[in-house]
Amino acid sequence: MEDNLKQTCLYDKHVALGAKMSPFAGFMMPIQYSSIVQEHQAVRGRCGVFDVSHMGEVFVSGEDAEKYVNHVFTNDVRGMEPGAILYGMMLYPDGGVVDDLLVYRMAGCYLLVVNAANVDKDVEWLQKQAAGFNVTVDNQSDRWGQLAVQGPEAEKVVAEVLGFGKARELSFYTFFCEDGKIVSRTGYTGEDGFEIYAPVEDIRNYWDRLLANGVEPCGLGCRDTLRFEAGLPLYGDELSAEISPIEAGLGMFCKLDKDFIGRDVLARQKAEGTARKLVGIEIFDKAVPRAGYPVLTPEGEEVGVVTTGYHSISLDRSICFALVRSEYSALDTPLSIGIRKKVFPGKVVKKRFYKTNYKK
């Protein structure tokens, strides 16, 4: 199986560090180096670096680029200035999610940053939707490496260790290009942070410099615990072809005053409501709710399922995302989680479990 897996440009460095490696999205990726707890706490308290070179980079150019991207993307790219970034989704006509992604407004084109597991599917979808538009869809995923430098000290590290002084001037969800690299103030941890796109040799050099200056190498294990605490969805868990943005509580990123694929379904869902909603649940015990566990009413009726769950490292509480019947989605609604033949009571809470002091 491992013979068929791809490797990022930093694979040998992960192995040399003794990282626990595991298949993810068609790549052999580091899950952890020291421990998930240590790496998680490093990002919350100081600074960590992730190899996210498995992510996909697709460039869209041509006379109809703005019109086309606006057609396939739920957010509104009209009037975006170069240096701006938007989060949103690509949808199927029935409102299911092809992928969630970031759109970068470059000078003369758009960069679409998509999830690693979906690159081939997304590119095929984008090319299919390009019929009738004067655009070029260029999948450059294999040409770029990417690092995510995250944590309260990320700005200082990116400016001083990597020499990107302009990073200090970036506001959240903006970027600049410099010498063939892209530096954006974005991330997937809930902390301040930057994502750096660059050719392979530059990424390898940046990785070495960061580690030499005490930045903690972090794996996908704590990437998941961090994004979860911050209330950020993961495609395949909280979003999918079967879970719409309205069900997931992401309607704010779907601009219904413009046309896009799946728009009419979302408009109807927003107007009429949905049968189920994604919620946060805290249980009053240290037992850990895992994906797939049933959500129950106090009377024992099954009304939903857990999509992601952990005993929170930052909060020392057992919490989860769950997709539940909408009548049970109000804050403080009593709900329980079935865990290994036992039932643990809890209540509905806000999905953003953890908030930092960083002002974006």
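Summarised in this report is the structure supplied together with it. (Residues numbered from 1 in each chain as written. Predicted model: local features only at pLDDT ≥ 70, side-chain atom pairs only at ≥ 80, totals over all residues. Heavy atoms only, no water.)

1. Regarding the pairing of strand β5 (residues 85-91)
Thought 1: With six of seven residues buried, β5 lies mostly within the body of the structure.
Thought 2: Alignment of β5 against strand β6 (residues 97-105), held across seven bridges, turns out to be antiparallel. Opposite Gly88, over in β6, you have Leu101 as the bridge partner. (Buried < 20%, exposed > 50% of the residue type's maximum accessible area, 1.4 Å probe, protein only. Helix = DSSP H or I, 4+ residues; strand = E, 2+ residues; numbered from the N terminus. Pairing = 2+ DSSP bridges.)

2. So, the sheet that holds strand β18 (residues 334-339)
Thought 1: In spatial order, the strands read β14-β17-β16-β15-β18-β19; together these six strands close into a barrel with antiparallel pairing. Strand-to-strand twist across the sheet, computed as the mean angle between neighbouring axes with direction ignored, equals 45°.
Thought 2: For strand β14 (residues 276-283) and strand β19 (residues 342-349), the ladder comprises four bridges, and the chain directions are antiparallel. Among the inter-strand pairings, Ile283 is bridged to a residue of β19, identified as Gly346.
Thought 3: Relative to strand β16 (residues 302-311), helix α7 (residues 220-229) is tilted by about 120°, and along the sheet it contacts β16 and β17 (318-325). (Axes fitted to C-alpha atoms, helices over the stretch in contact; angles between N-to-C directions. Contact = heavy atoms within 4.5 Å.)

3. Some points on the sheet that holds strand β3 (residues 48-51)
Hydrogen bonds between backbone atoms are what pair the strands of a sheet, whose relative direction is either parallel or antiparallel.
Thought 1: The mixed open sheet is built from six strands, whose spatial order is β10-β11-β12-β9-β3-β13. Both outer strands of the open sheet, β10 (175-178) and β13 (216-218), are each paired with one neighbouring strand and no more. Ignoring strand direction, the axes of neighbouring strands in this sheet form an average angle of 20°.
Thought 2: Bridge count for strand β9 (residues 145-150) against strand β12 (residues 193-198) is six bridges, and the pairing is antiparallel. Of the residues in β12, the one forming a bridge with Leu147 is Ile196.
Thought 3: Of the strands in this sheet, β3, β9, β11 (181-184), β12 and β13 touch helix α6 (residues 200-212), which is tilted by about 25° from β9.

4. Here we look at helix α8 (residues 263-272)
Thought 1: Among all positions in α8, only Val265, Leu266 and Gln269 are buried. The buried residues of α8 all sit within an arc of 95° when viewed along its axis, so they share a single face. Turned more than 90 degrees away from the buried face of α8, the exposed residues are Asp264, Lys270, Ala271 and Glu272.
Thought 2: Structurally, α8 contributes buried residues whose contacts are with β5.
Thought 3: Looking one or two residues beyond α8, the residue adopting positive phi is Gly273, at roughly 90°. (Arc of directions from axis to C-beta.)

5. Points about empty space enclosed by the protein
Thought 1: All chains considered together, the criterion is met by two cavities of 30 Å³ or more.
Thought 2: Approximately 60 Å³ is the volume attributed to the largest cavity.
Thought 3: Around the largest cavity, the lining residues are Gly231, Leu232, Pro233, Glu238, Ala248, Leu250, Leu278, Phe321 and Lys351.
Thought 4: In terms of residue class, the lining of the largest cavity is built from six nonpolar, one polar and two charged.
Thought 5: Residue lining of the second largest cavity: Met29, Pro30, Phe50, Asp51, Cys218, Gly219 and Leu220, and that is the complete set.
Thought 6: Put simply, the parts of the chain that give the lining of the second largest cavity at least two residues each are β2 (27-32) and β3.
Thought 7: Here the residues of the lining of the second largest cavity sort into five nonpolar, one polar and one charged. (1 Å grid on protein atoms, 1.4 Å probe; cavity = no way out; pocket = protein on both sides within 12 Å on 5 of 7 lines; lining within 4 Å. Points joined across faces, edges and corners; volume = space filled by probe spheres on them. Nonpolar A, V, L, I, M, F, W, Y, C, P; charged D, E, K, R; others polar.)

6. Regarding the packing of aromatic side chains
Thought 1: Using the criterion set out here, one finds 14 aromatic pairs in the structure.
Thought 2: Ring centres of Tyr87 and Phe253 lie 4.9 Å apart, and the angle between their planes is 85°; this geometry places the pair in the edge-to-face category. With Tyr87 in strand β5 and Phe253 in the loop between α7 and α8, this residue pair connects regions lying 166 residues apart in the sequence.
Thought 3: Relative to Trp125, the ring of Tyr92 lies with its centre 5.2 Å away and its plane at 70°, an arrangement referred to as edge-to-face. (Phe/Tyr/Trp six-rings, centres within 6.5 Å; stacked < 30°, edge-to-face > 60°.)

7. Structural notes on the environment of Glu201
Thought 1: Its location among the elements puts Glu201 in helix α6.
Thought 2: For the pair formed by Glu201 and Arg268, sequence separation is 67 residues and the distance between their alpha carbons is 49 Å.

8. A word on the pairing of strand β7 (residues 109-114)
Thought 1: With six of six residues buried, β7 lies mostly within the body of the structure.
Thought 2: Taking every second residue as pointing to the same face, both faces of β7 are buried, with Cys109, Leu111 and Val113 on one and Tyr110, Leu112 and Val114 on the other.
Thought 3: Two strands pair when backbone bridges link them, and strand β4 (residues 56-61) and β7 are joined in this way by six bridges, in the antiparallel orientation. Of the residues in β7, the one forming a bridge with Ser61 is Cys109.
Thought 4: The turn joining β6 and β7, which pair antiparallel and follow one another in sequence, is formed by three residues; a positive phi near 95° is taken by Gly108.

9. As for the layout of surface pockets
A probe matching the size of a water molecule, rolled over the atoms, marks out where space remains unfilled.
Thought 1: Here the second largest pocket is characterised by a volume of approximately 340 Å³.
Thought 2: Lys6, Phe27, Ser53, Ser141 and Asp142 are the residues nearest the centre of the second largest pocket, which is lined by 19 residues in total.

Geometric values such as these leave the question of function open.
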